[in-house]
Amino acid sequence: MRKPIALVTRIDEASEQEWRALLADQLPDENILCFRDMNGGQRKSAEIAIVADPNPAQVAELPGLAWIQSLWAGVERLVAELGAGAPPIVRLVDPELSRVMAEAVLAWTLYLHRDMPIYRRQQQDRVWEQQPYRHPSRYTVGILGLGALGMASAHRLKQAGFVVKGWSRSPKETSGVESFTGDDGLNAVLGGSDLVVCLMPLTDETRGLLDSRRFAAMMEGAALINFARGAIVVDADLIASLDAGHLSHAVLDVFHEEPLPAASPFWHHPKVTVLPHISAPTDQHTAAAIVAANIRAYRTTGELPQTVDIERGY
Ligand code: NAP
C-alpha cells in the first residue's frame, strides 16, 4: 500500500471534498485523504501534500513530506507562512489557466481600447460624442511579468493586433513581443504603453512596486489592469494619479483585502472598474489532471516538476 497523500486546505469542506473526488478519480492507485480524516500514523507517513491555502500548523504535522503540490498558481502566502525550512513547493501551472487569463486580458484590454468606460459615463450624462478610433497597431500594451500567464496574454494580444512589450526579471525571446528587464526596462515599458497589465507574482521585490513614482512614469492618459495581486499596487498613489487625471482608468481584479471592504474608495471611483477576483478561475478538472500527472511522474521517476524558488518568492 502506498503512503497516503494529504489534502490540506482552508477552503470550505464541500469544495475540499470535490477536489478529493476529482484527484481520486485521476489517481486511482493513490490513497488521498483530507487532513482531518488522517490518523497520527498516516500523518507521519505522508510523503506528498496537495494544498490550497493550508493551515501551516497542519503542514507541520506532516514531518515526512518530500514535496508540496499547490492547487493555486500564486504561492506568496504559502511561501511566507511555511518559511524557509518548508519542503519543495510545486505551484499550479495549467495551460487552461493561462488561456483563461489571456482571454480576460484581451477582454479588458478591448474594454479600455474601445473606450467603454467613457461611453458608459457619456450615456449616464446623455452625451452623444464619438471618441476617435485607434487601430490596435497604434495601441501598446505593456505586460509586467512574462511568465505562464503574462506570456499567454502577450500572444493573445499580438493575435488581436496590439503592440506588446513585456517586462520580466530575465530577458525573453518571443516573436513580436519586445522584452525588457531591469529598472530602466520597467520605466521604458511604463513610459511607452497606453495600457499596463500587471501579471507578476507578489514577492518582496514586487510588493508596492506600482507607486506614485511608477505611475508618474506612465504615459498621460494611460490605463492600468491589475490581475496579479493587490499588494503590488499602492492604492492611495493609484487613486491620486487617477484623480489628478494622469491615469485614465484602472481595472482591478485583486486587492489588499478580499473581499474588497465596503468602505474602499475603489467601489465608487468613476475611473475604477472593480472585479471580484474573477480574471482566471482555476478549472478543477484540468488542474486535477495536471496535479495527477505531476504525482504519477514523481512515483515513476522520483523527479519533481519545477519547484518554487523560495529565495525569489515565486
Ligand atoms: P510565473 O510564471 O511565475 O511568472 C512570473 C513573471 O513575473 C515572470 O516572467 C518573472 O520573470 C516575472 N517577475 C517576477 N518577479 C519579478 C521582478 N522582481 N522583476 C521583474 N519581473 C519579475 O507566474 P504566473 O503563473 O504567470 O502568475 C503570475 C501571478 O498571477 C501569480 O503569482 C498570481 O499572483 C497571479 N494570478 C492571479 C489570478 C487571478 O485570478 N487574478 C489567477 C492566477 C494567478 P522571469 O520570467 O524572468 O522569472
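Residues numbered from 1 in each chain as written. Predicted model: local features only at pLDDT ≥ 70, side-chain atom pairs only at ≥ 80, totals over all residues. Heavy atoms only, no water.

A.B. asks: Go over the overall build of the protein chain, please, and point to the residues and values.
C.D. replies: Secondary structure summary: the protein chain contains 11 helices and 12 strands in total. Relative to its length of 314 residues, the protein chain is compact, with a C-alpha radius of gyration of 21 Å against a globular reference of 20 Å. Within the protein chain, buried positions represent 46% of all 314 residues. For the protein chain, contacts bridging at least 24 residues in sequence account for 62% of all contacts bridging at least 6. Of the roughly 15200 Å² of accessible surface on the protein chain, a fraction of 52% belongs to carbon and sulfur atoms. Across the protein chain, the mean location of the 29 positive side-chain charges is 3 Å away from that of the 38 negative side-chain charges. (Helix = DSSP H or I, 4+ residues; strand = E, 2+ residues; numbered from the N terminus. Rg over C-alpha atoms; globule rule 2.2 N^0.38 Å. Buried < 20%, exposed > 50% of the residue type's maximum accessible area, 1.4 Å probe, protein only. Contact = heavy atoms within 4.5 Å. Areas by Shrake-Rupley, 256 points an atom, 1.4 Å probe, with all protein chains shown as cover. Lys, Arg positive; Asp, Glu negative; His and termini not counted. Charge placed at Lys NZ, Arg CZ, Asp CG, Glu CD.)

A.B. asks: An account of the side chain of Gln122 is needed here, citing residue identities and associated values.
C.D. replies: As for its position among the elements, Gln122 is in helix α6 (residues 116–124). For Gln122, the contacting residues outside a window of four places in its chain are Val127, Glu129 and Gln131.

A.B. asks: For the site of the ligand, give the residues involved together with the corresponding values.
C.D. replies: Inspection of the region around the ligand gives 28 residues, with Arg91, Leu149, Ser170, Lys172 and Tyr314 positioned closest. Here Ser170 contributes a side-chain N or O atom positioned 2.6 Å from an oxygen atom of the ligand. In the model, a nitrogen atom of the ligand is placed 2.9 Å from a nitrogen or oxygen of the Phe227 main chain. For the ligand, whose unbound accessible area comes to 950 Å², protein coverage reaches 92%. Its residues placed into classes, the shell around the ligand shows 14 nonpolar, eight polar and six charged. (Near = heavy atom within 4 Å. Polar contact = N/O pair within 3.5 Å; in protein donor to acceptor, adjacent residues only side chain to side chain. Nonpolar A, V, L, I, M, F, W, Y, C, P; charged D, E, K, R; others polar.)

A.B. asks: Could you give an account of the pairing of strand β3 (residues 48–52), with specific residues and numbers?
C.D. replies: By the criterion of burial, β3 is predominantly enclosed, with five of the five residues buried. Side-chain alternation along β3 places Ile48, Ile50 and Ala52 on one buried face and Ala49 and Val51 on a second face that is also buried. Relative to β3, strand β1 (residues 5–9) is paired through five bridges, and the arrangement is parallel. By the bridge assignment, Thr9 is partnered in β3 with Ala52. Sheet topology note: the β3/strand β4 (residues 67–70) ladder contains four bridges and is parallel. Residue Val51 lies in a different strand from β4, and its bridge partner there is Ser70. (Pairing = 2+ DSSP bridges.)

A.B. asks: An account of the sheet that holds strand β8 (residues 177–180) is requested, with residue identities and associated values reported.
C.D. replies: For sheets, the rule is that strands pair by backbone hydrogen bonds, running either parallel or antiparallel. The seven strands lie next to each other as β8-β7-β6-β9-β10-β11-β12, forming an open sheet whose pairing is parallel. What marks the edges here is a single partner per strand, and that holds for β8 and β12 (272–274). Strand-to-strand, the axes of this sheet are offset by a mean angle of 15°, without reference to chain direction. The pairing of strand β6 (residues 140–144) with strand β9 (residues 195–198) spans four bridges and is parallel. Within β9, the position partnered with Leu144 by the bridge is Cys198. On the sheet, helix α5 (residues 95–113) packs against β6, β9, β10 (223–226), β11 (249–252) and β12 and is oriented at approximately 160° with respect to β11. (Axes fitted to C-alpha atoms, helices over the stretch in contact; angles between N-to-C directions.)

A.B. asks: Which residues make up empty space enclosed by the protein, and what values do they have?
C.D. replies: What the rule picks out here adds up to one cavity of 30 Å³ or more. In this model, the largest cavity occupies a volume close to 40 Å³. (1 Å grid on protein atoms, 1.4 Å probe; cavity = no way out; pocket = protein on both sides within 12 Å on 5 of 7 lines; lining within 4 Å. Points joined across faces, edges and corners; volume = space filled by probe spheres on them.)

A.B. asks: Quick rundown of the pairing of β4? Include the residues and the values.
C.D. replies: Residues Trp67 and Gln69 line one face of β4 and the alternating positions Ile68 and Ser70 line the opposite face, and both faces are buried. In the classification by handedness, the crossover that spans β4, the intervening helix α4 (residues 76–82) and the parallel strand β5 (residues 89–90) is right-handed. (Right-handed = clockwise from strand over helix to strand, strands pointing away.)

A.B. asks: Help me get a handle on the layout of surface pockets, residues and values and all.
C.D. replies: The space that makes up the second largest pocket amounts to roughly 390 Å³. Of all the elements in the fold, those that place two or more residues in the lining of the second largest pocket are α5 and α6. Top contributing element to the lining of the second largest pocket by residue count: α6, with three residues. Here the lining of the second largest pocket is composed, by residue class, of eight nonpolar, five polar and six charged.

A.B. asks: Lay out the packing of aromatic side chains in plain terms, naming residues and giving numbers.
C.D. replies: Inspection of the entire model under this criterion finds four aromatic pairs. On the basis of an interplanar angle of 70° and a centroid distance of 5.7 Å, the ring pair of Tyr139 and Phe162 is categorised as edge-to-face. On the criterion of sequence distance, the pair formed by Tyr139 in the loop between α6 and β6 and Phe162 in the loop between α7 (148–159) and β7 (163–167) is long-range, its members being 23 residues apart. Taking the relative accessible area as the measure of exposure, Phe162 reaches 1% and is therefore buried. (Phe/Tyr/Trp six-rings, centres within 6.5 Å; stacked < 30°, edge-to-face > 60°.)

A.B. asks: Residues and numbers for the nonpolar core, please.
C.D. replies: Note on soluble globular proteins: their nonpolar side chains tend to be buried together. By size, the foremost hydrophobic cluster in this structure holds 30 residues, and its most contacted members are Leu144 and Leu238. Of all the elements in the fold, those that place two or more residues in this core are α8 (182–191), β9, α10 (235–243) and β11. Not counting residues within four places of it along the chain, the set of residues in contact with Leu144 comprises Trp167, Leu186, Val189, Leu190, Val196, Val197, Cys198, Leu199, Met200 and Leu210. Membership of the second largest hydrophobic core comes to 26 residues, among which are Tyr139, Ala223, Ile225 and Val251. (Core = buried A, V, L, I, M, F, W, Y, C linked by side-chain atoms within 4.5 Å.)

A.B. asks: Before we move on, can you summarise the sheet that holds β5 with the specific residues and values?
C.D. replies: Pairing is parallel in the open sheet, where five strands are placed in the order β2-β1-β3-β4-β5. In this open sheet, the two strands that pair with only one neighbour each are β2 (32–34) and β5. Of the strands in this sheet, β1, β2 and β3 touch helix α1 (residues 13–26), which is tilted by about 175° from β2.

The analysis is restricted to geometry; functional conclusions fall outside its scope.
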